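Analysis of the macromolecular model
Chain by chain, the residues run as shown.
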Amino acid sequence: MTTKHEQILAYIEKLPVGDKISVRQIAKDLSVSEGTAYRAIKEAETRRLVSTIERVGTIRIELKKKEHFERLTFAEVVNIVDGQVLGGKAGLYKTLNKFVIGAMQVEDMMRYVEPSNLLIVGNRFRVHEHALRAGAAVLVTGGFDVSEKIKKIADDLELPVISTSYDTFTVATMINRAIDDQLIKKDVLLIEDIYIPLKDTTFLRTHDYVKHYRELNELTTHGGFPVVDQANRLVGIVTARDVISRDSIELIEKVMTKHPISITLKTSVASASHRMIWEGIDLMPVVGDNNHLEGVISRQDVLKALQAASRQPQNGETIDDIVKQQIKSVSTEDFIFEFVVTPQMTDHYGAMSYGAFSILLTETGSQTLKIRKRGESVVENMTIYFSKPIQLESILRVHTRVLEMSRKVAKMDLEVFNEKQLVGKAMITYQLLER
C-alpha cells in the first residue's frame, strides 16, 4: 500500500512540464494536510521534479538526464542571477544550449543568436524583440525593465525574459561557474549509475524458508540476499553465516540479520566503498522511498566503477583534480614524487593550504599502492606534521615508504622536502579494496 507522501510524488510526476503547483492546491486536490503536501513538494524539489523560483512559484520541470547535466534550465538561471521573470514564465522549464553576450549592432548580433539560446544584453529594446522572434530567451542586465509589448511576445512564444541587477560581465561569470559546478557533479559517480536494479536482483521474502536460500545460493552462487516484506520494504539480509546449521524449514524471518546497512541511489560510489570496506560488507541493498528495495550493489561493482572513474578525463575541476594534475612520479623504485605549488592551492597568507597539503599526501600514498599493484584504497586515518610554511611556486619532493601491509590494510610514512629541507611529514593508514 502506498503512503500519501508517495501518492503526491506520483501525482507531481504525471503533471505536464511547466505546470505551476502550490501546497494549498496539492492539499485540496489530493485531500491531504498542507503539512504533508509541503513535505512532498520539498522531496520533489530534491528529486529535481520541480523548481521553486522567487516571485514566480513552484514549477514542474523536465528531469534532466545525467549526460546532459551541463545544460541549465532558464529557471535555474533565474536563481543563479537573483533574477526577476518579466514575461514568458511558461518557458522557464526549457534548457539553454548556450548563452550569447549582446555587445554589437542589432544586425551583427542576430547572426549569433539561435533557438534555445540565452541573449544577455542591457536595455536595448529592439534587440529584445529580435531575440525572442529568433527563438532565444533574453536576460536583461542592469536591473532594467522591458516594454509591455516585449512581455506579451515572451508570453505568446513561451520564452522567458529575465531581469537582473548584475552587470553583463558578472552574469556571464556566474552562469559559467554554475555550468562548471554541474560538470563537477556529473563527474561524481553515484550508486544510481552502477547498481543492479530490482528486476535483475535476487531476493527473499520474510515468509520464505532456509531451503529457498540454499536453492538461490546454488542457482546464483551469491552468498547473500536482501529480505523484503509483503510491501517490498527492506527488512533484513541473509548470508551463509545466518543459515549455517539451520533447519531447511526455518523461516527466513527467524534467521536473517535485521536492520541491515543500506544506501540510496543518490549515495556516492566513493562513500559506499568506504562503508563496505569499513563494515566488511560484500553486498549492500539499495533502497528508495519508505525503505523500498530498489536493487543491490556488490563490492566488485564498486571496485570496477572506481577503477573506471580513475581513467576518465575530468570536465569540471575541483581542488582535488588541480592537486592531482601537479603530481609527477620521479622514481617508481624509490616511490618519489615531484609537485609544484600553484596559486589555487594557497591560503590567504600565500602559503600552501592545509587542505591542498593533505590531498598531496593522500594521493601520493595512493599512487604508491597502485605502483605496488594493490589497486584502489581509502584513507582510514592520517596524522600530519607541518614543520615549515610552503610558499607559492615551491617545487616539492614527496618520499613515500610502506611500513606495513596486509591483505586489507597498508600503513605508510611520507616525508615532504622543499630544496632538500624537510617541510612536512605524515603517517597514513589505508584500507585496501580487495580485488
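Within each chain, residues carry numbers counting from 1 in the order of the written sequence. The predicted nature of this model means local features are confined to residues of pLDDT at least 70 and side-chain atom pairs, given and counted, to a pLDDT of 80 or more, with totals for whole chains, interfaces and linings taken over all residues. Computation of side-chain values: all heavy atoms of the structure, hydrogens and water removed.

A closer look at the packing of helix α1 (residues 4–14) against helix α3 (residues 34–46)
- Structural elements are reduced to axes, namely lines fitted to C-alpha atoms, with helices fitted over the stretch in contact, and the angle between N-to-C directions of any two is expressed from 0 to 180 degrees. The numbering of helices and of strands both runs from the N terminus, where a helix is a DSSP run of H or I of at least 4 residues and a strand a run of E of at least 2. Where α1 contacts α3, the two axes come as close as 9 Å, and the packing angle between them is 55 degrees. Put simply, α1 runs oblique to α3. When the axes of α1 and α3 are compared, the crossing they make is right-handed. Facing K4, H5, I8, L9 and I12 of α1, the residues of α3 in contact are T36, A37, R39, A40, I41, E43 and A44.
- Ten residues, namely Ala, Val, Leu, Ile, Met, Phe, Trp, Tyr, Cys and Pro, are considered nonpolar, four, namely Asp, Glu, Lys and Arg, are considered charged, and the remaining ones, Gly among them, are considered polar. The class makeup of the residues in the contact of α1 with α3 is seven nonpolar, two polar and three charged. In these notes the angle categories are as follows: under 35 degrees is roughly parallel, over 145 is roughly antiparallel, 65 to 115 is roughly perpendicular, and the rest is oblique. Left-handed describes a crossing in which the near helix is turned anticlockwise from the far one by less than a right angle; the clockwise case is right-handed. Contact definition: two residues touch when any of their heavy atoms are within 4.5 Å.

Comments concerning the domain arrangement of the protein
- Partitioning the protein into structural domains gives domain 1 (4–60), domain 2 (74–187), domain 3 (192–307) and domain 4 (319–432).
- The split into domains, and so the bounds of each, comes from an automatic or database assignment of domains. Inter-centroid distance (C-alpha atoms) of domain 1 to domain 3 is 33 Å.

Concerning the sheet that holds strand β2 (residues 50–53)
- By this definition, two strands are paired if DSSP reports at least two bridges between them. One open sheet accounts for three strands, arranged β1-β3-β2; its pairing is antiparallel. A strand with exactly one partner marks an edge of an open sheet, and here the two such strands are β1 (20–21) and β2.
- As judged from the two bridges shared by β1 and strand β3 (residues 57–60), these two strands associate in the antiparallel manner. From the neighbouring strand, K20 faces β3, where its bridge partner is I59.
- Here α3 sits on the sheet in contact with β1, β2 and β3, set at roughly 105 degrees to β2.

Here's the deal with the pattern of salt bridges
- Salt bridge, as used here, is a side-chain nitrogen of Lys or Arg placed within 4 Å of a carboxyl oxygen of Asp or Glu. Across all of its chains, the model carries 18 salt bridges by this definition.
- Its salt-bridge partner being R246, residue E250 comes within 3.2 Å of it at the nearest N-O pair.
- Relative accessible area decides the class of each residue, using a 1.4 Å probe on protein chains only: under 20% of the type maximum gives buried, over 50% gives exposed, and in between gives partly exposed. Overall, the relative accessible area of 25% leaves E250 in the partly exposed class.
- Salt bridges linked by common partners bring R401, D413, E415 and K425 together as one network.

Quick notes on the side chain of T36
- Looking at the secondary structure, you find T36 in helix α3.
- What qualifies as a polar contact is a pair of N or O atoms within 3.5 Å, subject to a donor-acceptor requirement within protein and to the restriction that residues adjacent in sequence count only when both atoms come from side chains. Among the polar contacts made by the side chain of T36, one reaches the side chain of S33 at a distance of 2.8 Å.

Looking at the packing of helix α6 (residues 125–133) against helix α7 (residues 148–157)
- Where α6 contacts α7, the axes come no closer than 10 Å and their chain directions differ by 10 degrees. Looking at the two axes, α6 sits roughly parallel to α7. Facing F125, H128, E129, L132 and R133 of α6, the residues of α7 in contact are K149, I150, I153, A154 and L157.
- Here the residues of the contact of α6 with α7 sort into six nonpolar, one polar and three charged.

A few points about α1
- For α1, the set of buried residues is E6, I8, L9 and I12. One side of α1 carries all its buried residues, which in axial view fall inside an arc of 160 degrees. Opposite its buried face, α1 presents the exposed residues K4 and K14, each directed more than 90 degrees away.
- Contacts from the buried residues of α1 go to β1, α2 (23–30), α3, β2 and β3. When we speak of the arc, we mean the arc of directions from the helix axis to the C-beta atoms.

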